[in-house]
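Analysis of the macromolecular model
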Amino acid sequence: WEQWVENHMQLALTAGEFEVYYQPKYEPSGGRLVGAEALVRWNCPDRGMIPPGKFIPIFESNGFIMKLDDYMIARVARQQAEWAIQGKKAVPVSVNVSRIHFSLDHLAEHIVRMIDSYGAKHELIELEVTESAFFDNKQLLVDTVRRLRAYGFPISIDDFGAGYSSLNSLKDIPLDVLKLDAEFFRGDDVMGHGRTIVKEAVRLAHQLDLRVVAEGVEQRGQVDFLAGIGCDMIQGYYFAKPMPLAEFEQRVERDA
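What counts and how
- Numbering of residues starts from 1 in each chain and follows the order in which that chain's sequence is written.
- Restriction of local features to residues with pLDDT of at least 70 applies here, the model being predicted, together with a cutoff of 80 or more for giving and counting side-chain atom pairs; totals for whole chains, interfaces and linings are based on all residues.
- Side-chain calculation: all heavy atoms of the structure are included, whereas hydrogens and water are not.
- Relative accessibility under 20% of the residue-type maximum defines a buried residue, over 50% an exposed one, and the middle range a partly exposed one, all with a 1.4 Å probe and only protein chains included.
- Numbering goes from the N terminus for both helices and strands, where a helix is a DSSP run of H or I of at least four residues and a strand is a run of E of at least two.
- For two strands to be treated as a pair, DSSP must find no fewer than two bridges joining them.
- When a carboxyl oxygen of Asp or Glu lies within 4 Å of a side-chain nitrogen of Lys or Arg, that pair is called a salt bridge.
- In this analysis, axes come from line fits to C-alpha atoms, helices being fitted only over the stretch in contact, and the angle between any two N-to-C directions falls in the range 0 to 180 degrees.
- Working rule for angles: under 35 degrees goes down as roughly parallel, over 145 as roughly antiparallel, 65 to 115 as roughly perpendicular, anything else as oblique.
- Note on definitions: a residue-residue contact is assigned when non-hydrogen atoms from the two residues lie within 4.5 Å.
- In this count, Pro and Cys sit with the nonpolar residues alongside Ala, Val, Leu, Ile, Met, Phe, Trp and Tyr, while Asp, Glu, Lys and Arg are called charged and the others, Gly among them, polar.
- To count toward a patch, a residue needs a relative accessible area over 30% and no salt bridge; like charges are then connected within 9 Å, while nonpolar side chains (Val, Leu, Ile, Met, Phe, Trp, Tyr) are connected within 5 Å.
- Only the protein chains shown count as cover for residues, and the accessible areas themselves come from Shrake-Rupley with a 1.4 Å probe.
- Under the convention used throughout, the expected extent of a helix is 1.5 Å for every residue step, that is, one less than its residue count.
- Pairing of aromatic rings covers Phe, Tyr and Trp, the last counted by its six-membered ring, and requires centre-to-centre distances within 6.5 Å; plane angles under 30 degrees mean stacked, over 60 mean edge-to-face, and any other angle means tilted.
- Counted as over-ring charges are cases with an Arg CZ or a Lys NZ within 6 Å of the ring centre that also lie within 35 degrees of the ring normal.

This part is about the pairing of strand S2 (residues 33–44). Burial runs high along S2: 11 of the 12 residues are buried. Relative to S2, strand S1 (residues 18–26) runs antiparallel, the two being bridged by 9 bridges. Across the sheet, residue Gln-23 finds its bridge partner in S2, namely Glu-37. As paired elements, S2 and strand S4 (residues 93–97) share 2 bridges and run parallel to each other. Looking at the pairing, Ala-36 lines up with Val-93 of S4. Bridge count between S2 and strand S3 (residues 48–50): 3 bridges; the pairing is antiparallel. Counted as the bridge partner of Trp-42 is Ile-50 from S3. Where S2 hands over to S3, the hairpin turn is made up of 3 residues, counted between the paired strands.

Quick look at the structure:
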């Protein structure tokens, strides 16, 4: 399987087989659509829709993830620019920047050139950093994030609580958004100790002037709890699954 992926990945990128799906983010109170995350899907003519878990780890291992990052950022920038030209409603869309990409000391300027080539507004493209990136060259990551924020891009930390450097990352990395890991909302203790941890995480984030996104929310009780503690956004199957562009545009027109 790994060999097949490596033999086909560049051809797939050139042919546009990687599609952008959008998962909306909603306010827990009122249910207004306020953002989205861009997620990749591989729509292969021969094998059908290949889930990300089958190819992303391979791309991360062989370095191709950097090309996929660029592809996704460019697609999101182009789409934001098209919405602006068409006079359509637009919400901020977050896109992941992989851990390996932060090994480049010119990453911020590289991203700016890509996005500016489409004329997209920086504030409408949020760049997500996974917590695992903090285990590499931390100073380079901090410098890059600072430059990206200076260019006007919101920065979020993804999968917060999944690793071991969470509090250090909040202390050292300049951020705008904290995304609570979906594991907080799974398992038997979803409304026990997990509730206490989530409540305190939201309180701490707000004290640091960070907005909070709860990922993986699937139950009404979780929505009510998150609304009660002031969580800013919810991303999960309770409101919407990841969806293709046309369906997302309909959602934005209806709910934003």
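Continuing now.
Bringing the pattern of salt bridges into the picture now. Enumeration over the complete set of coordinates arrives at 13 salt bridges. Residue Glu-37 is joined to Lys-179 by a salt bridge in which the shortest nitrogen-to-oxygen separation is 3.0 Å. Of the two residues, Glu-37 is situated in strand S2 and Lys-179 in strand S7 (residues 177–180); the sequence distance between them amounts to 142 residues. For Lys-179, a relative accessible area of 0% corresponds to the buried category. One salt bridge connects Lys-171 with Asp-172, and the closest N-O pair in it is separated by 2.8 Å. In this structure Lys-171 comes out as exposed when scored by relative accessible area, which is 60%.

This part takes up the packing of helix H4 (residues 107–116) against helix H5 (residues 138–150). Packed helices, taken two at a time, are described by the angle their axes make and the gap between the axes. In contact at an axis separation of 8 Å, H4 and H5 are set at 30° when each is read in the N-to-C sense. By the angle between their axes, H4 is roughly parallel relative to H5. On H5, the residues touching Leu-107, Ala-108, Glu-109 and Ile-111 of H4 are Thr-144, Arg-147 and Leu-148. Here the contact of H4 with H5 is composed, by residue class, of 4 nonpolar, 1 polar and 2 charged.

Let us look at unusual backbone geometry. Residues other than glycine predominantly adopt negative phi, and peptide bonds predominantly adopt the trans conformation. Here Asp-159, not a glycine, exhibits a phi torsion of approximately 60°, which is positive. A positive phi is found at Asp-209, a non-glycine position, where the angle reads about 65°. With respect to the helices and strands, Asp-209 occurs in the loop between helix H7 (193–207) and strand S8 (211–215). Given the relative accessible area of 69%, Asp-209 is considered exposed.

The subject of this paragraph is the environment of Gln-139. Relative to the helices and strands, Gln-139 resides in helix H5. By relative accessible area, which is 47% here, Gln-139 ends up partly exposed. Along the chain, Gln-139 and Ile-173 lie 34 residues apart, while their C-alpha atoms are 9.4 Å from each other.

Here the focus is a nonpolar patch on the surface. A surface patch of nonpolar side chains, about 260 Å² in accessible area, is lined by Leu-167, Leu-204 and Leu-208. On the secondary structure map, Leu-167 appears in helix H6 (residues 166–172).

This part covers H5. Taking 1.5 Å of rise per residue, 13 residues should cover 18 Å, and H5 covers 18 Å from first to last C-alpha, within 8% of that figure. Gly-152 occupies a position one or two residues after H5 and carries a positive phi of about 100°.

Within the secondary structure layout, Ile-229 lies in the loop between helix H8 (220–228) and strand S9 (233–235). Counting along the chain gives 27 residues from Ile-229 to Val-202, while the straight-line C-alpha distance between them is 7.4 Å. Look past the residues within four positions of Ile-229 in its chain and what remains in contact with it is Val-198, Lys-199 and Val-202.

Let us look at the pairing of S1. Counting buried residues in S1 gives 8 out of 9 residues, a clear majority hidden from the surface. Turn length for the S1-S2 hairpin, with the two strands adjacent in sequence and antiparallel, is 6 residues, and the turn residue Gly-30 shows positive phi of about 95°.

Turning our attention to the packing of aromatic side chains. In total, this model carries 15 aromatic pairs according to the counting rule given. Between Trp-1 and Trp-4, the ring centres sit 5.2 Å apart and the planes meet at 10°, which makes this aromatic pair stacked. On the basis of relative accessibility, which here comes to 37%, the residue Trp-1 falls in the partly exposed class. Taken together, a centroid distance of 5.1 Å and an interplanar angle of 85° make the contact between Tyr-238 and Phe-239 edge-to-face. Among the residues examined, Tyr-238 registers a relative accessible area of 29% and is labelled partly exposed. Cluster of aromatic residues (ring-pair linked, three or more members): Trp-1, Trp-4, Phe-18, Trp-42, Phe-55, Phe-59, Phe-64 and Tyr-71. Above the face of the Tyr-21 ring, Arg-41 is positioned so that its terminal group lies 5.7 Å from the ring centre. One cation-aromatic arrangement involves Arg-47 over Trp-4; the distance from NZ or CZ to the ring centre is 4.2 Å.

Fair warning: the whole summary comes from geometry, so function is off the table for now.
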